[in-house]
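Below, each chain spelled out in residue letters.
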Amino acid sequence: MIVITGATGNVGRAVTEQLAAAGRQVVAVSRNAPTSEPPAGVRHHVADLADPASLTEALVGAQALFLLVAGDDPQGVLQVAAAAGVRHVVLLSSQGAGTRPEAYGHPVAFERAVKESGMAWTVLRPGGFATNTFQWIEGVRTRREVAAPFADVALPPIDPADIADVAVAVLTEEGHHGRTYELTGPRALSPRERAEVLAGALGEPVRFVEQTRDEARAGLLHVMPEPVADATLAILGTPTPAEQAVGSDVERILGRPARTFADWAARHVAAFR
């Protein structure tokens with residue numbers, strides 16, 4: 001049995017659906033009750049990673065755990081998992097845990113706890129999600145306009161569908177224990193270039209407006225804590241070579257190239273119309 005935390009999120013939902021379609025026994029865990037029925041054969045359990053004991057029932061009989069970075073007690077979560085008999089933990093961490101550990105203390109703490117848990121482990125470190133583009137929806141819908149900082153700084157966004165595919169492979173195949181995978185898209189793109197790709201998917205011009213750092217920071221502070229906002233802006237504005245590099249782990253694990261941003265935009269263009 002495989003337990004998926006964050007099972008109603010971008011990645012967790014896709015992991016749950018794929019495992020269920022493959023006939024795997026799955027328990028889907030989320031902090032709130034789902035708004036739709038889980039896939040056939042999937043049992044849903046409401047639990048909060050901030051309260052490790054709430055996971056106890058969901059983990060009974062589990063062999064593997066897909067774990068999000070959430071809550072402040074990774075050791076507690078892993079103790080509950082080990083006591084339940086979990087043998088393999090796959091952690092969805094962040095690229096920043098490797099490139100900027102001083103700013104990404106939360107995922108660093110989870111990675112350390114997983115590696116010290118005594119269970120087999122695999123760490124997934126994705127870079128920026130293609131779905132971050134959804135923050136442009138209102139501007140594109142109402143004004144056919146994208147506002148973003150650092151117009152020509154390129155990073156390789158990853159399609160969450162690829163993260164899910166990698167997670168399923170790692171959860172169900174041998175050979176991934178003790179590995180840390182850096183997950184990126186196949187090409188580095190700047191915000192200006194992503195806006196152009198989105199315009200192509202829409203079949204209409206989209207105007208790009210470059211924000212100042214302060215303007216972008218004010219927007220981020222509405223959705224994330226100040227230290228996370230500042231770390232995010234540092235990556236977007238002054239990325240390290242490692243953060244700009246296109247990785248090969250997605251293709252190595254899946255046997256195919258990572259999905260392009262154009263593919264993501266074509267699949268989600270209706271959200272911007």
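Nothing here was measured: the structure is a model prediction, and the numbers come from that model.

## Observations concerning the packing of aromatic side chains
Tallied over the full model, the rule gives four aromatic pairs. Plain terms: the ring middles of F134 and W264 are 5.1 Å apart, the flat faces sit at 55° to each other, and that makes the pair tilted. Of this pair, F134 sits in the loop between β6 (120-126) and α6 (137-143) while W264 sits in helix α13 (residues 261-268); the two residues are 130 residues apart in sequence, bridging distant segments of the chain. Taking relative accessible area as the criterion, F134 reaches 28% and is therefore assigned partly exposed. When its relative accessible area of 1% is taken as the criterion, W264 is described as buried. Relative to F272, the ring of W264 lies with its centre 6.3 Å away and its plane at 75°, an arrangement referred to as edge-to-face. Comparing W264 with F272 shows no difference in burial state: the two are buried. Three or more aromatic residues link up through ring pairs in this structure, and these residues are F134, F261, W264 and F272. Taking the ring centre of F261 as reference, the NZ or CZ of R194 above it sits at 5.9 Å.

## Thoughts on the pattern of salt bridges
Inspection of every chain in the model, using the stated rule, returns 20 salt bridges. We note a salt bridge from D162 to R256, for which the minimum N-O separation is 2.8 Å. You can see D162 sitting in helix α7 (residues 160-172) and its partner R256 sitting in the loop between α12 (249-254) and α13, a full 94 residues away along the chain. Relative accessible area serves as the criterion here: at 0%, D162 is assigned to the buried category. When the shortest N-O distance is used, the salt bridge between E226 and R217 registers 2.6 Å. E226 sits in the partly exposed class, given a relative accessible area of 47%. Among the charged side chains, a network of salt bridges with common partners joins E111, K115, R125 and E182.

About the criteria used
- Residues numbered from 1 in each chain as written.
- Predicted model: local features only at pLDDT ≥ 70, side-chain atom pairs only at ≥ 80, totals over all residues.
- Heavy atoms only, no water.
- Phe/Tyr/Trp six-rings, centres within 6.5 Å; stacked < 30°, edge-to-face > 60°.
- Helix = DSSP H or I, 4+ residues; strand = E, 2+ residues; numbered from the N terminus.
- Buried < 20%, exposed > 50% of the residue type's maximum accessible area, 1.4 Å probe, protein only.
- Lys NZ or Arg CZ within 6 Å of the ring centre and 35° of its normal.
- Salt bridge = Lys/Arg side-chain N within 4 Å of Asp/Glu carboxyl O.

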